[in-house]
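A look at the structure
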Amino acid sequence: MKLNFAQHNQTLELELNGDYLKFDDEAALSTLLMTAQQKNIQNIQVNASELKQWDSSLVVVLYRLTALSKSQKKQLKLIDVPKNLERLINLALAVDRKPSLPSSPKLPWLESLGGFGYDIFQSSKKGLSFIGQCLKSWGRFICSKATMRQVDFLFALQDCSYKAIGIVSLVSFMVGLILAFVGAIQLKTFGAQIYVASLVAIGMTRIMGAIMVGIIMAGRTGAAYAATIGTMQVNEEIDALKTMGIPTTDFLVLPRIMALTIATPILVILADFMGIIGGATVGILMLDISAPEYYKYTINALDLTNFLVGVFHGLVFGIVISLCGCYFGIYCGRNADSVGRATTQAVVSAIVWMIVVTGIITVIFEVLGI
Amino acid sequence: MMKSPVEIAVSDLTIAYGDFVLLKNVSFEVNKGDVFIIMGASGGGKSSLLRVLTGLVPAAHGKIVIGGVNFTAADEQKRQQIMQKCGILYQSGALFSSMTLAENIALPLKQYTNYSDKMISELVSLKLALVGLTGFEEFYPSEISGGMKKRAGLARALALDPEIVYFDEPSAGLDPISSKMLDDLILDINQSLGTTIVVVTHELNSIFAIGNNSIFLDTATKSISARGNPRELLKNPPNQDVYNFLTRGEKIKNA
């Protein structure tokens, strides 16, 4: 499979012998083209009488030779070249090789800034409109007019409640453990390691339990919501719902928001408990605090207000995570790539909004003295 | 293009999902350069047969020989070598949505050849020109129509100059004009490149327009109830089911 060529006077003769399959000898091709470019070459002749098997790579070789002969106005003669090969060469020659998509022009900085601001305005409008639609759906649900299947709600509840127990328990236990460890290192220096019990109890119930549940549920359930609804968008199921006149927020979003809003506060209570158990494990086994003593300090530190603040955070996080998951699912594009992007955005935005909401709640509670 | 003596020989093939037998002891041969139609009613096992022929699903029993090599007994590496000689056009085109058409077609070329980037780019343009999509290199699958997606899928299937191209319901979801264009393209590829074509379809217009050999899968007996040129089968139907299928049952109503 070689390019055999020779120069006779002003003619370059290329002999194609045998098989030309997956021809990838770029060096040989360059030499051939360089020779063909020489000024003293006026005619190019391709003899394919001995050609046996060939594939598209030979088409490209002959296409380049033909293109060169045309651009440099040299005579090209094809001898015994199979008709279908010649047809493919002509097809390749007919291809317009200019870039098919115009590159987007670079905008001046002020226009770019304006565009950026406008995009933010538009997405805020879209987000607020989605929340508005969800509130309307909620209103319809209260009036028993929402098109929501009970079974969808129960499935969503099952998925985000007892199926999440294992992971929430494990992570909260570990967080309690870490909290106790880190606290103990400092408290030990002035012999106050007994207060590890209070630290873990207050820390877990006030905020850590809720935050951990929020992060787990954002990664687990929020992502699943975006992926499920996004795939429905790709499969045109959402279009089908719309054309049937069924509000997508009633049918798809409401059951999920309700399920997660109910499940998250309950999971927060579980997380609080498991965190305290984790702290106790460190306290009793490694800090030599007796179990009754640890229990006593924990009970003393536990405060109903802190506990309720944590549960309230859980409730709000449930709403935030489900809203983010469903929003990015509903506004997902129509291909596999978009589903992946929607899932990522759902998780990232849920976590960011959880932090923002935590900040707002903290300020409000501070003002209210809670 | 010189043709190597490619043929598909299927003998005693049984396809089953658990205890549910879909096709039983089916045998047929596809000759080199054929446009071979696998037809039959919906649920008759046409697509399953295609999935077995392409190695996506294992056969319960039987032997498939592709290009003289036993495909069913081949190990993973051997199968990959055989599959490089086969192109497949899936029903939806199955283009990778995150890649442009050029990247979609370049993927098998980058995987299985040592071509330079320039060579690959030339080949991509050639394959797109072959299916009438010149200039669409930088488009994403979401930016083109269903018919164009199928043609781009075909360009990808043709990337490695396959000896056999399988088509799964090529006319599905296409308007009559696009469907006719695809049929013409199939014939064109078959005639100009000498590619063996295997088409799974129940679209009568396509069957008569392109097929020169066929098998008819019978749902009741789970076997082949007719074989041969579809136009000949219409003239001399071997049984009532084939006659009904090829005439859409319309003549019976009139009788």
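Details of the structure are given in the entry above.
What comes next concerns the included structure. Positions within a chain are numbered from 1, following the residues in the order the chain's sequence is written. Chain letters start at A and ligand numbers start at 1, both assigned in the order the entries are written. Reporting of local features is limited, given that this is a predicted model, to residues whose pLDDT is at least 70; pairs of side-chain atoms are given and counted only at 80 or more, and all residues count toward the totals for whole chains, interfaces and linings. As a rule here, side-chain values come from all non-hydrogen atoms in the structure, and water together with hydrogens is ignored.

Comments concerning the packing of helix α2 (residues 56–71) of chain A against helix α4 (residues 117–130) of chain B
Which entries qualify depends on this criterion: Interaxial angles span 0 to 180 degrees and are taken between N-to-C directions of axes, which are lines fitted to C-alpha atoms, for helices over the stretch in contact. Secondary structure elements are taken from DSSP: a helix is a run of H or I of four residues or more, a strand is a run of E of two residues or more, and numbering for both begins at the N terminus. Relative orientations are named as follows: roughly parallel for angles under 35 degrees, roughly antiparallel for angles over 145 degrees, roughly perpendicular for angles from 65 to 115 degrees, and oblique for any other angle. Two residues form a contact once any of their heavy atoms are found within 4.5 Å. Note on residue categories: nonpolar means Ala, Val, Leu, Ile, Met, Phe, Trp, Tyr, Cys or Pro, charged means Asp, Glu, Lys or Arg, and polar means any other residue, Gly included.
In the contact formed by α2 of chain A and α4 of chain B, the axes pass within 10 Å of each other and the chain directions differ by 100 degrees. Between α2 of chain A and α4 of chain B, the crossing angle belongs to the class labelled roughly perpendicular. Between α2 of chain A and α4 of chain B, the contacting residues are Ser 56, Ser 57, Val 59, Val 60, Tyr 63 and Arg 64 of chain A on the first element and Lys 118, Met 119, Glu 122, Leu 123, Leu 126 and Lys 127 of chain B on the second. Grouping the amino acids of the contact of α2 of chain A with α4 of chain B by side-chain chemistry returns six nonpolar, two polar and four charged.

Quick look at the nonpolar core
Put simply, the test is: In these notes, a set of buried Ala, Val, Leu, Ile, Met, Phe, Trp, Tyr and Cys residues joined through side-chain atoms within 4.5 Å is what counts as a nonpolar core. Residue burial is assigned from relative accessible area. The probe radius is 1.4 Å, only protein chains are included, and a residue is buried under 20% of its type maximum, exposed over 50%, and partly exposed in between.
If you look at the biggest cluster of nonpolar residues, it comprises 80 residues, and the most contacted ones within it are Leu 3, Leu 16 and Leu 85 of chain A together with Leu 154 of chain B. By residue number, the principal contributor to this core is α2 of chain A, which donates eight residues. Non-local contacts of Leu 85 of chain A, meaning those with residues more than four positions away in its chain, are made with Leu 51, Trp 54, Leu 58, Val 59 and Leu 62 of chain A. Among the nonpolar cores identified, the runner-up in size contains 54 residues, and Met 258, Phe 317, Tyr 327 and Ala 350 of chain A belong to it.

Focus on the interface of chain A and chain B
The criterion, for reference: Defined in terms of a 1.4 Å probe, buried area is the accessible area two parts forfeit on being brought together, summed over both. By definition, a salt bridge exists where a carboxyl oxygen of Asp or Glu is found within 4 Å of a side-chain nitrogen of Lys or Arg. For the purposes of these results, a polar contact is taken to be a pair of N or O atoms within 3.5 Å, where, inside protein, one atom must be able to donate a hydrogen and its partner to accept one; residues adjacent in sequence count only when each atom of the pair is a side-chain atom.
Each partner contributes to the interface: chain A provides 27 residues, whereas chain B provides 30 residues. Summed over both partners, the interface of chain A with chain B buries about 2,600 Å², with 59% contributed by carbon and sulfur atoms. Where chain A touches chain B, the interface holds two salt bridges. Across the pair Asp 188 of chain B and Arg 87 of chain A runs a salt bridge whose closest N-O atoms are separated by 2.7 Å. Counting across the interface, chain A meets chain B through six residue pairs in polar contact (both at pLDDT 80 or more). Elements with a minimum of two residues in the side of chain A that touches chain B: β3 (43–54), α2, α3 (83–94) and α12 (336–368) of chain A. The element that contributes the greatest number of residues to the side of chain A that touches chain B is α2 of chain A, accounting for six residues. Residues of the side of chain A that touches chain B, tallied by class, amount to 11 nonpolar, six polar and 10 charged.

Side note on the sheet that holds strand β1 (residues 4–8) of chain A
Residue and element names in this part refer to chain A. Condition: Two strands make a pair as long as DSSP finds a minimum of two bridges between them.
Within the open sheet, the four strands sit side by side as β1-β2-β3-β4. Their pairing is mixed. Two strands close off the open sheet at either side, each with one partner strand: β1 and β4 (75–79). Between one strand axis and the next, the sheet turns by 15 degrees as a mean value, whatever way the strands run. Two strands pair when backbone bridges link them, and β1 and strand β2 (residues 11–20) are joined in this way by five bridges, in the antiparallel orientation. The residue bridging Gln 7 from the neighbouring strand is Leu 12, located in β2.

So, a nonpolar patch on the surface
All names here are of chain A. The criterion, for reference: Each patch is assembled from residues with relative accessible area greater than 30% and no salt bridge, linking like charges that lie within 9 Å and nonpolar side chains (Val, Leu, Ile, Met, Phe, Trp, Tyr) that lie within 5 Å. Only the protein chains shown count as cover for residues, and the accessible areas themselves come from Shrake-Rupley with a 1.4 Å probe.
A contiguous nonpolar patch, built from Ile 167, Leu 170, Met 174, Ile 178, Phe 181, Val 182, Ile 284, Leu 285 and Met 286 and spanning about 840 Å² of accessible area, is present on the exposed surface. Mapped onto the nonpolar patch, the elements with two or more residues apiece are α6 (165–189) and α9 (248–286). If one sorts the elements of the nonpolar patch by residue count, α6 sits on top with six residues. The topology assignment puts Phe 181 in helix α6. Its relative accessible area of 37% is what places Phe 181 among the partly exposed residues.

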